[in-house]
Amino acid sequence: MLALVVTFFRAPVAPPVMLPAAAASMTVAQAIASQTGGTGTVTGYVVGEPTATSTVRTSSFTGDTALALADSSTTTATGSMLYVQITSSYRSAFGLLTNPSLMRTQITVTGTLTAYFSHAGLKSPSSMVKGGTGSTTSPTTSPTTSPTVSPTSSSSTDTYYASALGKSGDSLKNALHSIISSGVTKLSYDGVWNALKVTDQDPSNSSNVILLYSGISRSKTLNGGDSGDWNREHVYAKSHGDFGTTAGPGTDLHHLRPEDVSVNALRDNKDFDSGGSAATGAPGNYTDSDSWEPRNAVKGDVARMIFYMAVRYEGDDGFADLEVNDSVSNGSNPYIGKLSKLLTWSAQDPPDSFEKNRNEVIYSTYQHNRNPFIDHPEWVSSIFG
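Scoring rules and cut-offs
- Residues numbered from 1 in each chain as written.
- Predicted model: local features only at pLDDT ≥ 70, side-chain atom pairs only at ≥ 80, totals over all residues.
- Heavy atoms only, no water.
- Buried < 20%, exposed > 50% of the residue type's maximum accessible area, 1.4 Å probe, protein only.
- Helix = DSSP H or I, 4+ residues; strand = E, 2+ residues; numbered from the N terminus.
- Pairing = 2+ DSSP bridges.
- Phe/Tyr/Trp six-rings, centres within 6.5 Å; stacked < 30°, edge-to-face > 60°.
- Contact = heavy atoms within 4.5 Å.
- Salt bridge = Lys/Arg side-chain N within 4 Å of Asp/Glu carboxyl O.

**Comments concerning the pairing of strand β1 (residues 39-52)**
With 11 of 14 residues buried, β1 is to be regarded as a mostly interior element. Summarising the sheet, β1 and strand β5 (residues 106-113) pair through seven bridges and their orientation is antiparallel. Bridge pairing links Thr-41 to Thr-110 in β5. With three bridges connecting them, β1 and strand β3 (residues 66-70) associate as antiparallel partners. The residue bridging Val-46 from the neighbouring strand is Leu-69, located in β3.

**Section: the packing of aromatic side chains**
Any aromatic ring pair is given by two values, namely how distant the centres are and how the planes are angled relative to each other. This structure, assessed with the given rule, holds 12 aromatic pairs. With a centroid separation of 5.3 Å and an interplanar angle of 55°, the aromatic rings of Tyr-213 and Trp-292 are classed as tilted. Taken together, the positions of Tyr-213 in the loop between β8 (205-210) and β9 (217-219) and Trp-292 in strand β15 (residues 291-293) put the pair 79 residues apart, joining distant regions of the chain. For the pair formed by Tyr-213 and Trp-292, the shared burial category is buried.

**So, the environment of Lys-123**
Residue position: Lys-123 is located in strand β6 (residues 121-130). Judged by its relative accessible area of 17%, Lys-123 is buried. With near-sequence residues (within four places) excluded, Lys-123 lies in contact with Gln-85, Gly-111, Thr-112, Thr-114, Ala-115, Tyr-116 and Glu-360.

**Observations regarding the sheet that holds β15**
If you walk across this open sheet you meet the four strands as β12-β15-β14-β13, and the pairing is mixed. For this open sheet the edge positions go to β12 (271-272) and β13 (277-278), each flanked by a neighbour on one side alone. In this structure, strand β14 (residues 286-287) lies alongside β15, joined through two bridges in antiparallel fashion. Note that in β15 the partner of Thr-287 across the bridge is Trp-292.

**Some details on the pattern of salt bridges**
Counted according to the given criterion, the structure contains 12 salt bridges. Here Lys-173 makes a salt bridge to Glu-323, at a shortest N to O gap of 3.1 Å. Of this pair, Lys-173 sits in helix α5 (residues 169-180) while Glu-323 sits in strand β16 (residues 323-324); the two residues are 150 residues apart in sequence, bridging distant segments of the chain. By the burial criterion, Lys-173 is buried, and Glu-323 matches it. A salt bridge links Lys-338 to Asp-273; its shortest N-O distance comes to 3.9 Å. Note that Lys-338 is positioned in the loop between β17 (335-336) and α9 (339-348) and Asp-273 in the loop between β12 and β13, a separation of 65 residues in sequence. Assessed through its relative accessible area of 24%, Lys-338 is described here as partly exposed. Look at Asp-273 and you get buried, because its relative accessible area is 14%. Taken together, the salt bridges that share partners define one network made up of Lys-173, Glu-314 and Glu-323.

Here it is in structure tokens:
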């Protein structure tokens with residue numbers, strides 16, 4: 001009888017033990033309220049492809065890099081959606097351009113609960129599952145000659161840079177050139193206007209952009225060519241190599257930034273160096289007849305943009321081979337300096353959250369390539385040091 005009683009009381013214990021596993025997945029609403037940077041598992045319905053903070057495509061998809069989840073398959077309000085980053089390992093199975101039939105179906109994703117497109121999101125997925133708690137779909141990659149590296153919470157870009165990892169010097173530069181030149185979407189010069197309103201949005205005021213040199217927050221609507229407007233600054237001066245505003249280096253978002261019209265004109269096509277007189281309208285910036293010194297907060301940003309251009313454009317795509325040298329007298333030659341100063345600035349001013357977010361938005365929404373020196377600042381000295 002005692003044995004029977006013990007068995008009787010033990011039997012009901014088993015079901016509660018299973019409950020935590022079933023309840024481990026959050027709803028989308030819970031995930032939106034839990035944007036703390038921690039890891040979470042979320043189940044929801046695929047309702048579209050995010051392309052901006054408040055824009056989600058429900059058809060005519062443009063890429064495989066992001067999807068939006070909601071607690072209902074009929075949700076249309078972006079405020080009730082979670083934007084999910086799709087890293088390269090999962091794009092063939094979950095990207096909406098490749099898999100439009102995923103719309104209105106349920107999936108479960110595990111990743112970092114943090115802002116994406118300046119919107120409640122989930123980034124760096126370590127698991128993507130079709131259905132609720134059903135069987136998982138293993139990450140896959142498109143056929144490639146590069147080794148495959150599974151995404152991890154500590155380095156979600158390792159897959160993207162797989163063929164460059166472990167290399168240095170010219171070998172690293174050549175590998176990165178191939179990576180950041182592959183699968184790139186080129187913008188028109190007119191298209192740059194709207195893109196900059198997203199890439200350089202003021203984190204504290206979504207109606208404004210942050211101007212590069214002056215650091216001013218200015219209304220997105222004040223883009224143009226009049227006094228008080230902001231326009232499109234080519235950090236790698238477009239006359240250095242004479243690429244103008246043609247699609248390619250002339251419209252590459254990785255070195256185009258919003259800037260006050262007058263300050264942009266004052267910088268003109270000067271190389272970069274320290275010293276000079278205080279720049280009118282841009283406190284902390286200095287200039288003389290042949291050089292420009294940006295404010296401290298963006299010195300590293302400027303350097304990494306220049307280094308990106310020198311790796312991205314190697315003369316194999318109809319444009320000049322852009323390079324960095326230690327001169328401030330480059331004129332229309334496809335060179336820009338001053339290398340020694342840019343190396344110092346890159347080390348003194350490492351990538352911040354604004355720069356990292358900008359890199360991510362350009363990659364996921366617009367050009368689909370990255371600035372490797374934001375992801376791996378240590379590569380600057382390996383290639384240019």
